[in-house]
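# Structural overview
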Amino acid sequence: MSDHSTKPQLEFLKPRWLRDLLRFAPLKSQFVLSGNVRDLQACEVSPGIVTAQSLTSTLCDGLREAGYTQFIAWNPLTGFAVPAKGVAANESPDQLLGSLGLAPVNGVAPGGIDSVGAVMERLVGLTGPPTALIIDFASRLTVRAESLTTAEHSMFTRALVLGHTAQARPHGEQRRPFFNTIIWIVDKESDIPDWILIDNPRVRHIPVAKPDSAARRALSPALLRAVPGFQQAAPDIRADAERAFIDGTEGLLLSDMNAIATLARVESVPMERIVDAVRRYKVGVTEDPWLQIDRDKIRNAEAEVSKRVKGQTHAVTHLLDLVKRAMTGVGAQRKGGRPRGVAFLAGPTGVGKTELAKTITSLLFGDESAYIRFDMSEFSSEHADQRLIGAPPGYVGYDVGGELTNAIREKPFSVVLFDEIEKAHPRILDKFLQILDDGVLTSGRGDRVYFSEALIIFTSNLGIYRQNELGDRVPNVVPGEPFVNVQEKVRGEIEHHFKVVLNRPEILNRIGENIIIFDFVRQEVAEQIFEHMLRTVLDDVSMQGIAIELDEVSEAALKQLCLRDLSNGGRGIRNQIEAYLINPLARGLFDQNAQAGDAFILTGMDAAALRLRKR
């Protein structure tokens, strides 16, 4: 690529893998490079001018600086070729390839696995300037490294023997030792047979790491140079854009950064909004959906949400504040694309934790069923993480992918609810740590899935019970306690569970102060829930054209039955209404063959048995 920056900057350091290779070039005759070999590499083409280029080009530049003057590159598609400036001044590419027994045409000589073995043998014995052979996509030389064909075995055996017989010779004014070096570029170290690498003093394996912040920082001015508005911006504005670009691309490759800069150019994303280009590249959403949400709807949401989630005003306010932060970006740590928000909803069963998540989803999406829900009691086994992210290569289900990674890839803008998180296997909690820390998960197929646009909600019943000195499960909080005590005790048990039982305090640290404790359903709130549920049942029947009336005595008796035990919250009230109202009502309507236009009255609840009769 041609973009570069002349801005003064800190002294540029060559990538660590290249420094390692150049240090050992006089000592080893062959090298194996693996890891991040398909990425662009940051390279200082002249003092203060940093650009990005392919690994092969970076190799040639580094070796040329060390004293090598001739280079040959091989890949399975084109065969052998001489890179630009890859021959001595008095020789042509065809001459160099011809000296290795090849028949080139315009600097290119086709050749397969047999030719690679023969060329290596001639290269090692080649006299004259130091020469390097770069065998790219070497992983494709074999079908299975652990089960070689005759031709594959023959080629690698040649390489093994040549590695031990090759001799370094002095060259240049300083008479430094040089081998005619062979460099294998593979995806994984295991793509080369073990007997080539293990305990072989003439071959060195060098892993190529993903770019660190220093590499991203060195390259960012060059990439942003052509982004709209960069050239005209003041130095401090440029610096802010570079900082946002570097932070937003944490964990990405230099080729990803190059693509983001190109995307910004193509779609005319101004430099001040470079983070928007980063988001578009990661999740593929052109507009930021968080900016499309109706602000008036969220501004007036508290009263509306409280109609569905009763008696939990503090929880409603806290979660709505999280939504407002997600929409405005205030206090957001967007480095690396962390989720828009994270909340941990804890408290007794049946008090509205899941209902609040549904309601918030309805506010954001206009559809409460649009949230992504995982019942974590289904993920209690050690290998259940494969259901979330997908099975690794070679295992059943590899081609299907993971439930979580697939869902987020399809709907990056979402509310993700992890219900009863304490029931998940501890191994799965490590995946959540990755989501909360980096906003990214790598699926079993190796795809990176981003959570930067998601609101993550955990629910839990932790802290309602505890173990006593005898190991028995006893209540930790009871409905009659003041809410302040409930908050303190539940929070204490949650901290004990993550810090002592699971030994994962870092998960709590990532959630921070967003642990929201729900109160028990108190008597006055229970009465509101009962009235709401009762009216809902009767209204549902009336929509069929059937009028139902519950007499006062029966309603009072039903209310007493529903509210006598509030330990299960609203869910317990719902269960009682089903048992003492819905089931008898349905039975009576069925037995009397009720039709639209009929009117009935319900009586007899004071005798614990509802009777339905026509009016």
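Cut-off values and rules
Residues numbered from 1 in each chain as written. Predicted model: local features only at pLDDT ≥ 70, side-chain atom pairs only at ≥ 80, totals over all residues. Heavy atoms only, no water. Helix = DSSP H or I, 4+ residues; strand = E, 2+ residues; numbered from the N terminus. Expected span 1.5 Å × (residues − 1). Buried < 20%, exposed > 50% of the residue type's maximum accessible area, 1.4 Å probe, protein only. Arc of directions from axis to C-beta. Contact = heavy atoms within 4.5 Å. Pairing = 2+ DSSP bridges. Axes fitted to C-alpha atoms, helices over the stretch in contact; angles between N-to-C directions.

## So, helix 5 (residues 150-165)
Between its first and last C-alpha, helix 5 extends 22 Å over 16 residues, near the 22 Å set by a 1.5 Å rise per residue. Listed as buried for helix 5 are Glu-152, Met-155, Phe-156, Ala-159, Leu-162 and Gly-163. Seen along its axis, helix 5 keeps its buried residues to an arc of 120°; they face one direction. Packed against the buried residues of helix 5 are strand 1 (30-35), helix 4 (113-124), strand 10 (181-185) and helix 6 (194-197).

## Here we look at the sheet that holds strand 17 (residues 455-460)
Picture the strands of a sheet paired through backbone hydrogen bonds; they go either parallel or antiparallel. Taken in spatial order, the five strands make up an open sheet running 13-14-17-12-20, and their pairing is parallel. Two strands lie at the open edges of the sheet, namely strand 13 (372-375) and strand 20 (515-517), each paired on one side alone. Here the strands of the sheet are splayed against their neighbours by 20° on average, with no regard to which way each runs. As judged from the three bridges shared by strand 12 (residues 341-346) and strand 20, these two strands associate in the parallel manner.

## Overview of unusual backbone geometry
The phi torsion of most residues other than glycine is negative, and most of the peptide bonds are trans. At Phe-137, a position not held by glycine, the phi torsion is positive, near 55°. Counting through the fold element by element, Phe-137 comes out in the loop between strand 7 (131-135) and helix 5. Residues other than glycine seldom take positive phi values, yet Asp-199 does so here, at roughly 55°. By the secondary structure assignment, Asp-199 is in the loop between helix 6 and strand 11 (203-208). We classify Asp-199 as exposed; its relative accessible area is 76%.

By themselves, these observations are geometric and do not establish any function.
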